[in-house]
Amino acid sequence: MFALNDFISGAIWLAAVIALGITGWRAVRQGHFRAVSETYYGRKAQNLGAICLIVAVIAGILFLQRVLAIVLLFSISQSGLFFLLGAALGAYLTLRYYTRTA
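Thresholds applied
- Residues numbered from 1 in each chain as written.
- Predicted model: local features only at pLDDT ≥ 70, side-chain atom pairs only at ≥ 80, totals over all residues.
- Heavy atoms only, no water.
- Core = buried A, V, L, I, M, F, W, Y, C linked by side-chain atoms within 4.5 Å.
- Buried < 20%, exposed > 50% of the residue type's maximum accessible area, 1.4 Å probe, protein only.
- Helix = DSSP H or I, 4+ residues; strand = E, 2+ residues; numbered from the N terminus.
- Contact = heavy atoms within 4.5 Å.
- Phe/Tyr/Trp six-rings, centres within 6.5 Å; stacked < 30°, edge-to-face > 60°.
- Lys NZ or Arg CZ within 6 Å of the ring centre and 35° of its normal.
- 1 Å grid on protein atoms, 1.4 Å probe; cavity = no way out; pocket = protein on both sides within 12 Å on 5 of 7 lines; lining within 4 Å.
- Points joined across faces, edges and corners; volume = space filled by probe spheres on them.
- Nonpolar A, V, L, I, M, F, W, Y, C, P; charged D, E, K, R; others polar.
- Axes fitted to C-alpha atoms, helices over the stretch in contact; angles between N-to-C directions.
- Left-handed = near helix turned anticlockwise from the far one by under 90°.

Draft legend 1. Representation of the nonpolar core in the model. If you look at the biggest cluster of nonpolar residues, it comprises eight residues: Leu14, Ile18, Phe63, Val67, Ile70, Phe83, Ala87 and Ala91. Of all elements in the fold, only helix H1 (2-30), helix H2 (43-72) and helix H3 (78-101) reach the threshold of two or more residues within this core. If near-sequence neighbours (up to four positions away) are discounted, Ile18 is found in contact with Ala91, Thr94 and Leu95.

Here you go:
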């Protein structure tokens, strides 16, 4: 049961970092931010993009701490392995989505 939790946790963390980073970068560069029910243009879109980038950096640091704890402490146990496998799958699926929408 713990292995499945670590797998899902790794997938969600890295997918969130990538999705927030790409979304924020596009909003800052293009001045267009599309939320679920609203679309923002101009300065407001750039501000929302900057917020997304800040959240992506914070989430990336937290993700990196977990990965470094696994790698540097040589704790490649079952939970660490499933966390890294989940992160790889989350990154693959997220990047695949964003390359198809571009």
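Let's pick the thread back up.
Draft legend 2. Structural detail: the packing of aromatic side chains. Here the structure, examined in full by the defined rule, presents two aromatic pairs. Aromatic pair Tyr97 and Tyr98: ring centres 5.2 Å apart, planes at 80°, arrangement edge-to-face. Classification of Tyr98 as buried rests on a relative accessible area of 14%. It is Arg66 that lies over the ring of Phe83; its NZ or CZ is 4.2 Å from the centre.

Draft legend 3. Local environment of the layout of surface pockets. Approximately 340 Å³ is the volume found for the largest pocket. Every residue lining the largest pocket is counted, 11 residues in all, and those nearest its centre are Thr23, Arg26, His32, Arg34 and Tyr98. For the lining of the largest pocket, the elements supplying multiple residues, two or more each, are H1, strand E1 (32-34) and H3. Classifying every residue of the lining of the largest pocket by side-chain character gives five nonpolar, four polar and two charged.

Draft legend 4. Expanded view of the packing of H1 against H3. Orientation of H1 relative to H3, taken along the N-to-C sense of each, is 35°, at an axis distance of 6 Å. The handedness of the crossing between H1 and H3 is right-handed. Looking at the contact of H1 with H3, its residues break down into 17 nonpolar, nine polar and two charged.

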